[in-house]
Amino acid sequence: MATMRLEIVTAERLVYSEEVSSVVAPGFDGELGILPHHAPLLTLLKPGELRIRKDGQETLMAVTGGFMEVFENKVVVLADAAERDSEIDLARAEEALKRAKERIVARGADLNLEHALSSMRRAEARLKVARRRRGTTAGPTRPG
Amino acid sequence: MPSVRQIRRRIRSVQNTAKITKAMSMIAASKMRRAQEMALRGRPYAERMQALLADLAAQSQDEEDLHPLLRRREIKKAQIVLITPDRGLTGGLNSNINRRAAQLVLEQKAQNISTNVVAVGRKGRDFMARYGQDMRAVFTNLSDRPVLADTTAASRIVIDDYSQGLVDAVYLVYARFVNTTLQRPVVETLLPIVPAKLEAQSAVGYIYEPTGLQVLAQLLPRFAEMQVYHAVLEAIASEQSARMVAMRSATDNANAMVVDLTLEMNKVRQEGITKELLDIVGGAAAVEG
């Protein structure tokens, strides 16, 4: 089966680098799926989930915005932050979402609405990915 | 002439100092290795971004709709982002960076360009404050292992100031890590951003989504943020390697001092014994005689 290289990098590290068969990414104008031998593409990403299909298995990652480049059968995601579903701390993400919402509701004098909204969206993206994983595996929740 | 006891006490104190400096040099060595690794791990991101930027910048050549962060204007006011360690015991590193920054300020002044400073690190802040330099912002107590988010507060200020026209150029001053024994203070232009030139045939012709300009508008601030982050990582590697070398030579010096002091102590001790012997021999001769 045709595959393509997927690399997910953040400013801090290389998060992911594998041969995959498809990627679905949260593009600027909605979700977009990339299959091997896609035309060169450069798109903005919104905070959301990245669905990676490799050997018939699906992996979820939360990305918090950035860019995706497709070129010569290679997909490079330049993410502001990227986490695998298993790395996400559910409680912390919930906490962050609550905080962001409170800040927006309170509308303090120093509120930067743009920042607050984007941190809310980031938290939502994380939560969505984390919840979905727990929903499908239905295993015991991780300690800590 | 100090007594044997005084010298022995001195030796012990020097030995203790050597233990401390040795520990410090070992700690610095491990922190340096980590900082180097971090700088290396961030490289793929930086390289891709640089390539994308070059491609995008090649698209729009029109001076009019050039993004503000790319547009050059006449420089009346410049901003200097000075990245220094928070702490000393780094040999000549701190004063070398500060000297380079001071030189830059003077160069600007000679061209009638006023400057303000965004200090990242206590040593640079102290230096600039002492000379009454105009300070825009100060950031201290950065972690040894910063993430991008730790440096965005500083880069936000820089980008905002530039976009609002408060400053017309931004320079980064920090110590570049060349190798373990060499760290070179460098000045880099952070803003306006000068994209690397593309060779004509290497333009890819991407499909941009939503549009090239919008992607560029998102890419440019992130590029500046990343450059600041990278400079901070280099600065940390430089700081730790400078400290490692300084502390190692301090340890060597202390050990050499212990050798000298031990020699001196033995001399004093021997002199004492000789004197006592003379006394005894002299005393015996007097009794016999």
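Because the structure is predicted, anything quoted here is derived from the model rather than measured. (Residues numbered from 1 in each chain as written. Chains lettered and ligands numbered in written order. Predicted model: local features only at pLDDT ≥ 70, side-chain atom pairs only at ≥ 80, totals over all residues. Heavy atoms only, no water.)

Caption draft 1: Spatial organisation of the overall build of chain B. On a plain count of helices and strands, chain B comes out with six helices and six strands. Reading chain B from its N terminus to its C terminus gives the helix and strand order α-α-β-α-β-α-β-α-β-β-β-α. Taking 19 Å as the expected radius of gyration for a compact globule of 289 residues, we find that chain B reaches 29 Å, considerably beyond that expectation. Seen through its C-alpha atoms, chain B measures out along the principal axes to roughly 115 × 40 × 30 Å. Taking all 289 residues of chain B together, the buried fraction comes to 43%. When contacts within chain B are restricted to residue pairs at least 6 apart in sequence, those whose partners lie at least 24 apart make up 77%. Carbon and sulfur atoms form 52% of the exposed surface of chain B, whose accessible area is close to 15500 Å². (Helix = DSSP H or I, 4+ residues; strand = E, 2+ residues; numbered from the N terminus. Rg over C-alpha atoms; globule rule 2.2 N^0.38 Å. Buried < 20%, exposed > 50% of the residue type's maximum accessible area, 1.4 Å probe, protein only. Contact = heavy atoms within 4.5 Å. Areas by Shrake-Rupley, 256 points an atom, 1.4 Å probe, with all protein chains shown as cover.)

Caption draft 2: Spotlight on the domain arrangement of chain A. Residues and elements named next belong to chain A. Entries for chain A in the domain assignment read domain 1 (4-85) and domain 2 (89-134). When each unit is reduced to the centre of its C-alpha atoms, the spacing between domain 1 and domain 2 is 22 Å. In this complex, domain 1 contributes ten residues to the contact, which on the side of domain 2 involves eight residues. Applying the counting rule to domain 1 against domain 2 returns zero residue pairs in polar contact (both at pLDDT 80 or more). Of all the elements, strand S6 (residues 57-71) adds the most residues to the side of domain 1 that touches domain 2, at five residues. (Domains from an automatic or database assignment. Polar contact = N/O pair within 3.5 Å; in protein donor to acceptor, adjacent residues only side chain to side chain.)

Caption draft 3: Focus on the pattern of salt bridges. Residues and elements named next belong to chain B. Enumeration according to the criterion identifies 18 salt bridges over all chains in this entry. One salt bridge in this structure joins aspartate 134 and lysine 77, with 3.9 Å as the shortest N-O distance. Taken together, the residues aspartate 134 in the loop between helix H4 (122-130) and strand S3 (135-139) and lysine 77 in strand S1 (residues 77-83) connect sequence positions 57 residues apart. We classify aspartate 134 as partly exposed; its relative accessible area is 41%. (Salt bridge = Lys/Arg side-chain N within 4 Å of Asp/Glu carboxyl O.)

Caption draft 4: Main features of empty space enclosed by the protein. Residue and element names in this part refer to chain B. Taken as a whole, this structure holds one cavity of 30 Å³ or more when the rule is applied. The volume enclosed by the largest cavity comes to roughly 40 Å³. Every residue lining the largest cavity is listed: Val120, Phe139, Leu142, Asp150, Thr151, Ala153, Ala154, Val228 and Val232. For the lining of the largest cavity, the elements supplying multiple residues, two or more each, are helix H5 (148-163) and helix H6 (212-288). In terms of residues, the lining of the largest cavity owes the most to one element, H5, which gives four residues. Tallied by class, the residues present in the lining of the largest cavity amount to seven nonpolar, one polar and one charged. (1 Å grid on protein atoms, 1.4 Å probe; cavity = no way out; pocket = protein on both sides within 12 Å on 5 of 7 lines; lining within 4 Å. Points joined across faces, edges and corners; volume = space filled by probe spheres on them. Nonpolar A, V, L, I, M, F, W, Y, C, P; charged D, E, K, R; others polar.)

Caption draft 5: Broad picture of a nonpolar patch on the surface. Together, Ile273(B), Leu277(B) and Ile280(B) line one region of the surface with nonpolar side chains, adding up to about 300 Å² of accessible area. Mapping Leu277(B) onto the fold places it in helix H6. (Patch = residues over 30% accessible without salt bridge, like charges linked within 9 Å, V, L, I, M, F, W, Y side chains within 5 Å.)

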